[in-house]
Amino acid sequence: MNITGHTQLTALLGSPVAHSISPLMHNEAFRLRGLDYVYLCFDINENTLPAAVAGLKECGIRGFNLTMPNKNRIVDLLDDLSPAARLIGAVNTVVNDNGRLTGYNTDGIGYMQSVADAGYDIKGKTITVMGAGGAATAICAQAALDGVDEIHIFARRTSRFWERTQRLADTINSTLSCRACLHENQDHSALKSAVSKSALLLNATSVGMAPNTDTSIISDRSLFRPDLIVSDVIYNPKETLLLNQAKAAGCPTFNGMYMLLYQGAEAFRLWTGKDMPVKEIKEKFFSDGEH
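These numbers were taken from a predicted model, which means no experiment stands behind them.

Thresholds, definitions, all that
Residues numbered from 1 in each chain as written. Predicted model: local features only at pLDDT ≥ 70, side-chain atom pairs only at ≥ 80, totals over all residues. Heavy atoms only, no water. Helix = DSSP H or I, 4+ residues; strand = E, 2+ residues; numbered from the N terminus. Core = buried A, V, L, I, M, F, W, Y, C linked by side-chain atoms within 4.5 Å. Buried < 20%, exposed > 50% of the residue type's maximum accessible area, 1.4 Å probe, protein only. Contact = heavy atoms within 4.5 Å. Pairing = 2+ DSSP bridges. Axes fitted to C-alpha atoms, helices over the stretch in contact; angles between N-to-C directions. Parallel < 35°, antiparallel > 145°, perpendicular 65-115°, else oblique. Left-handed = near helix turned anticlockwise from the far one by under 90°. Nonpolar A, V, L, I, M, F, W, Y, C, P; charged D, E, K, R; others polar.

1. Section: the environment of A54
(1) Moving on: If you trace the backbone, A54 turns up in helix α2 (residues 49-58).
(2) Moving on: Along the backbone, A54 and A248 are 194 residues apart, and their C-alpha atoms lie at a distance of 47 Å.

2. Quick look at the nonpolar core
Side chains of nonpolar character tend, in soluble globular proteins, to be buried together.
(1) Moving on: Grouped together as the largest cluster of nonpolar side chains are 37 residues, with contacts concentrated most on Y111, I127, V129, I151, L200 and L202.
(2) Moving on: Going through the elements one at a time, α4 (107-117), β7 (126-130), α5 (134-145), β8 (150-155), α6 (162-175), β9 (179-184) and β10 (200-203) are the ones with two or more residues in this core.
(3) Moving on: When residues in this core are grouped by element, the largest group, 8 residues, is from α5.
(4) Moving on: With residues up to four places along the chain from it excluded, the contact list for I127 reads I122, A143, V148, E150, I151, H152, S198 and L200.
(5) Moving on: Grouped together as the second largest cluster of nonpolar side chains are 25 residues, L12, A29, M257 and Y258 included.

3. Re the sheet that holds strand β1 (residues 8-14)
(1) Moving on: The strand order across the open sheet built from 6 strands is β2-β1-β3-β5-β6-β4, with neighbouring strands paired in mixed fashion. This sheet does not close on itself; its edge strands, each paired only once, are β2 (37-43) and β4 (80-81).
(2) Moving on: Where β4 and strand β6 (residues 100-104) come together, 2 bridges link them in parallel fashion. For D80, the partnering residue across the bridge sits in β6 and is T102.
(3) Moving on: Packed on one face of the sheet, helix α1 (residues 22-33) meets β1, β2 and β3 (63-66) and runs near 170° to β2.
(4) Moving on: Across the sheet, helix α9 (residues 257-272) is in contact with β1, β2, β3, β5 (93-97) and β6; its angle to β5 comes to roughly 5°.

4. Some details on the packing of α1 against α9
(1) Moving on: For the pair α1 and α9, the least separation of the axes is 11 Å and the interaxial angle reads 45°. When the axes of α1 and α9 are compared, the pair comes out oblique. Judged by the twist between their axes, the crossing of α1 over α9 is right-handed. The segment α1 lies against α9, with S22, M25, H26, A29, F30 and R33 engaging L260, L261, G264, F268, W271 and T272.
(2) Moving on: For the contact of α1 with α9, the residue count by class is 7 nonpolar, 4 polar and 1 charged.

5. Observations regarding the sheet that holds β7
(1) Moving on: Taken together, the 6 strands give an open sheet; going across it, the order is β9-β8-β7-β10-β11-β12, and neighbouring strands pair in parallel fashion. In the strand order of this sheet, the two ends are held by β9 and β12 (253-254), each with one partner.
(2) Moving on: As paired strands, β7 and β10 are joined by 4 bridges and run parallel to one another. Bridging from a neighbouring strand, V129 pairs with L202 of β10.
(3) Moving on: Running at roughly 170° to β8, α5 makes contact with β7, β8 and β10 of the sheet.
(4) Moving on: In the packing of helix α7 (residues 188-197) onto the sheet, contacts are made with β7, β8, β9 and β10, and the angle to β8 comes to roughly 145°.

6. Examining the environment of G134
(1) Moving on: As for its position among the elements, G134 is in helix α5.
(2) Moving on: Ignoring anything within four residues of it in the chain, the contact list for G134 reads K71, N72, I88, A90, N105 and R164.

The structure is reproduced here in structure tokens:
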């Protein structure tokens, strides 16, 4: 890769980010498309995010991704939001057009494509989603738009995202045919009932992510059954404790690798106006990541 005086910067802002394969994916895609761009990672948390965004904006960054814990905090630092990002209240991709920062959310699109890639069809079915952060709400919104019949969302009532997630559920219920219901994390009766009806159980929190790999969002292993698909947005480690527990119970499982691929492909398009060479990127970096 040749860095020139015209090279355009893109980046990932999050904490931790050292494990991310996004730089490999995007820099190879730029090379394959012959684009003078580079993608870097910066370890930025919610406290340092405002200063980082201001500095990158002044430096003329073309755009950047957000990962945990910044997907919600970034909203207050932007000039505009796409309709989907406004509905969700979270952003994972920002485009800088001559100093005007617009936020998008490609997580939901990425996750629903990853479900299809894993060989499953959840349209018309019930799903259970653990979490109320940026990834969780993006996935819930896209799942509802794509025809999932019922969504049960579990979060802490003390979470700062509780009211926003309730508003999302209300919007889904009033505008789409999908039914969405928000539950308290500690309501084990509701969780057991929801999972028993669900085709898919998704962890959309950071519980189980490296380096804290000895934790699982599900403590009651009796919830697992062989026809329940269990998924995790986490891809480091490739098999979280949750997926390990589910697999031991005979459940089909998949991680967040392909969600990363497809949300990245949409971000690539927003920054460059060109399609990511998904086939080549998938073969090079994701061939052993998901199944």
